[in-house]
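# Structure at a glance
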Amino acid sequence: MSDLFTFLTRMGDNTLVLGHRLSEWCGHAPVLEEDIALANTALDLIGQTQMWLGLAAQVEGAGRSADDLAMLRDAWDFRNLLLVERPNGDFGATIMRQCLFDRFHLLLLDALTHSTDTRIAAIAAKAVKEVRYHADRSAELVIGLGDGTAESHTRMQTALDALWPYVGEMFTDDATDTAMAAAGIAPLPSTLRAAWDTQMTDILTQATLTRPDGDFAHQGGKNGAQHSEHLGHMLSQMQWLQRAYPGATW
Amino acid sequence: MYAQLVKSDAADDSPEARAFQARIDRGEKIEPKDWMPDGYRKTLIRQIGQHAHSEIVGQLPEGNWITRAPTLERKAILLAKVQDEAGHGLYLYCAAETLGVSRDELTEMLLDGRMKYSSIFNYPTLTWADMGAVGWLVDGAAIMNQVPLQRTSYGPYARAMVRICKEESFHQRQGFDIMMKMANGTEAQRRMAQNALDRFWYPSLMMFGPSDKDSVHSAQSMAWKIKMNTNDELRQKFVDQTVPQAEYLGLTVPDPDLRWHDETGHYEFTQPDWSEFMDVLRGNGPCNADRLAARNKAWDDGAWVREGLMAHADKKRAAKVAAE
């Protein structure tokens, strides 16, 4: 498996899995405007998935499509971060997960607009506009709910504490990342950390939330070594029709 | 329809009411600040509210398949469609608010059962073909009613309908597209398609409501132009349009007595079981309890979010005032 293919599935699996999680909210959000906004974000992410996994399939050259990659791989072949496969929890946990990821996603896409691979730069240029809006929105909600009532503050702090151990994986570097960076295709994830920290500190301060102390980081999503139990359940829903009726067109 | 058995308040016979009726008869639009009879206002609130609730509850049966959509494209289309329904709910609640009722008040009435939503959303979606059938039949039936409502007498309602109709006709086409794929697909897919038609045919006919030829409520609503056609007219139009589409798909409408009449230019068809319809309206449809429970859960679970965001907005406002 080439490093480029691995890199592209990481991009596409993050957007696929997070888009799927957000789509679980459709019809169940706390207020109509949020229902619409969450669906919008999910739609953007699914659209980005089609582009990333479409390019991954093309790079692989094995005759698979974006849909094949999404619907017919098992959990161990997924390369998304553990953070994005966390279950939705309450609205606070969903928004906190979104905010932590959006800031990373935005920094990454910004850098990818300068990729030496023009196909990647083109996808990033389209996606970055959408993700800038996602990042503004999730930050605004984290601030609003962190600095809202005592209950909303407590819930947001609880969500932040629970998700913090999944932050570190976003910024780990491995052999694929080193190869991508050497070719000028993508930045080393570790180089994005300082900017992320600055932005997140600003958001958390405005939200009156306390940044957790520990820096322990769960690993195993982006390299596929050990996903959480939750991913398999998500795939069993997402892939069910394709698995139950192989060869059908929909 | 999305608004079924809406009780109409009677018109009064004051000079204002007569002048009001004359405006409607001339085809003028009534706007929020215009004088209107109390009965017109109350009837519209009931009708628009029921319509808005139907959009919101209507998210649930289709939302049921978003996480199981078979391809990325189908997932995106379905999600966009269900999102449109939330948007329709929003336009309609805004239209209702111009009549002096708040969205929260209407929501409370939906959640505690004082207000209704369309009977159709109390039926389950059991296979992927149901996503086709809902678009093709349910949105198809909704359009029958909503296209004429673009000419309804109340301005904000008519304008909301113009936007809604554009999106609904797209929904109906994508529903038919799913049915085409299924009907021309594998044996299992054809079976799903026929099964979906079998289950959704009569509930779709019920959407128009029972025959209203002798109903005083309907007569008043039609005089006020907040109801544009009788239930029977719309149902006939729906059957006439849909039967040839079913034939094109190679599917069988589950009505052995369905017949085309050259002399009338219409299909003769079997009426749905109206006792089932009344049962569904009374809360005994297959999904009534689940649908209301889902809406109540979303509302209750979201209370802390709404309160938190309000509290933050108040703090920001206070800080701004203090700074000035």
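Look a little higher up for the structure.
As a starting point, this report considers the structure included with it. It should be emphasised that the depicted structure is a prediction, and the values quoted were computed from it without experimental measurement.

Thresholds applied
Residues numbered from 1 in each chain as written. Chains lettered and ligands numbered in written order. Predicted model: local features only at pLDDT ≥ 70, side-chain atom pairs only at ≥ 80, totals over all residues. Heavy atoms only, no water. 1 Å grid on protein atoms, 1.4 Å probe; cavity = no way out; pocket = protein on both sides within 12 Å on 5 of 7 lines; lining within 4 Å. Points joined across faces, edges and corners; volume = space filled by probe spheres on them. Helix = DSSP H or I, 4+ residues; strand = E, 2+ residues; numbered from the N terminus. Nonpolar A, V, L, I, M, F, W, Y, C, P; charged D, E, K, R; others polar. Patch = residues over 30% accessible without salt bridge, like charges linked within 9 Å, V, L, I, M, F, W, Y side chains within 5 Å. Areas by Shrake-Rupley, 256 points an atom, 1.4 Å probe, with all protein chains shown as cover. Salt bridge = Lys/Arg side-chain N within 4 Å of Asp/Glu carboxyl O. Lys, Arg positive; Asp, Glu negative; His and termini not counted. Charge placed at Lys NZ, Arg CZ, Asp CG, Glu CD. Buried < 20%, exposed > 50% of the residue type's maximum accessible area, 1.4 Å probe, protein only. Contact = heavy atoms within 4.5 Å. Buried area = accessible area lost by both parts, 1.4 Å probe. Phe/Tyr/Trp six-rings, centres within 6.5 Å; stacked < 30°, edge-to-face > 60°.

Attention shifts here to empty space enclosed by the protein. Residue and element names in this part refer to chain A. In the structure shown here, the tally under the stated rule is two cavities of 30 Å³ or more. Within this model, the largest cavity holds a volume of roughly 150 Å³. Taken together, 13 residues line the largest cavity, and the ones lying closest to its centre are Arg10, Phe104, Leu108, Asp177 and Lys222. Where the lining of the largest cavity is concerned, the elements lending two or more residues are helix 1 (3–23) and helix 5 (91–112). Per-element accounting of the lining of the largest cavity gives the leading share, four residues, to helix 1. Considering only residue class, the lining of the largest cavity consists of nine nonpolar, one polar and three charged. Counted as a void, the second largest cavity has a volume near 30 Å³. Forming the walls of the second largest cavity are Met11, Asn14, Thr15, Phe101, Phe104, His105 and Leu108. Residue assignment for the lining of the second largest cavity shows that the elements contributing at least two residues are helix 1 and helix 5. Among the elements that line the lining of the second largest cavity, the one with the most residues is helix 5, at four residues.

To continue, consider a negative patch on the surface. Residue and element names in this part refer to chain B. Together, Glu97, Asp104, Glu105, Glu108 and Asp300 give the surface a local cluster of negative charge. Looking at which element gives the most residues to the negative patch, the answer is helix 5 (residues 103–111), with three residues. Within the secondary structure, Glu108 sits in helix 5. The exposure class of Glu108 is partly exposed, given its relative accessible area of 38%.

Next up on the list: the layout of surface pockets. Residues and elements named next belong to chain B. The volume enclosed by the largest pocket comes to roughly 380 Å³. Taken together, 24 residues make up the lining of the largest pocket; nearest its centre are Leu5, Val6, Ser218, Lys227 and Asn231. The set of elements that each furnish at least two residues to the lining of the largest pocket consists of helix 6 (129–149), helix 9 (216–223) and helix 10 (231–249). Counting residues per element, the lining of the largest pocket draws most heavily on helix 9, at three residues. Grouping the amino acids of the lining of the largest pocket by side-chain chemistry returns 10 nonpolar, 11 polar and three charged.

Moving on: unusual backbone geometry. With phi around 55 degrees, A:Thr208 is a residue other than glycine that occupies positive phi space. Mapped onto the fold, A:Thr208 is located in the loop between helix 9 (193–206) and helix 10 (229–238). Since its relative accessible area comes to 41%, A:Thr208 is described here as partly exposed. Even without a glycine there, the phi angle at B:Lys225 is positive, about 55 degrees. Its location among the elements puts B:Lys225 in the loop between helix 9 and helix 10.

Turning our eyes to something else, we now look at the side chain of B:His53. Inspection of the secondary structure puts B:His53 in helix 2 (residues 38–57). The buried category is assigned to B:His53, whose relative accessible area is 0%.

Moving on, we come to the interface of chain B and chain A. At the junction of the two partners, chain B supplies 46 residues and chain A supplies 48 residues. Carbon and sulfur atoms supply 69% of the area that chain B and chain A bury against each other, a total of about 4000 Å² over both sides. When the buried surface of chain B facing chain A is broken down by residue, B:Leu72, B:Gln83 and B:Trp304 rank first, second and third, together holding 21% of it. At the junction of chain B and chain A, the tally comes to two salt bridges. When the shortest N-O distance is used, the salt bridge between A:Glu33 and B:Arg103 registers 2.6 Å.

So, about the packing of aromatic side chains. Residues and elements named next belong to chain B. In this structure the tally under the stated criterion is 19 aromatic pairs over all chains. Ring centres of Tyr40 and Tyr154 lie 6.5 Å apart, and the angle between their planes is 75 degrees; on these two criteria the pair is classed as edge-to-face. Placement of the pair is Tyr40 in helix 2 and Tyr154 in the loop between helix 6 and helix 7 (155–183), with a sequence separation of 114 residues. Using a relative accessible area of 0% as the deciding quantity, one classes Tyr40 as buried. The class of Tyr154 is buried, set by a relative accessible area of 0%. Where Trp260 meets Tyr267, the ring centres are 4.9 Å apart and the plane angle is 70 degrees; that geometry is what we call edge-to-face. By relative accessible area, which is 12% here, Tyr267 ends up buried.

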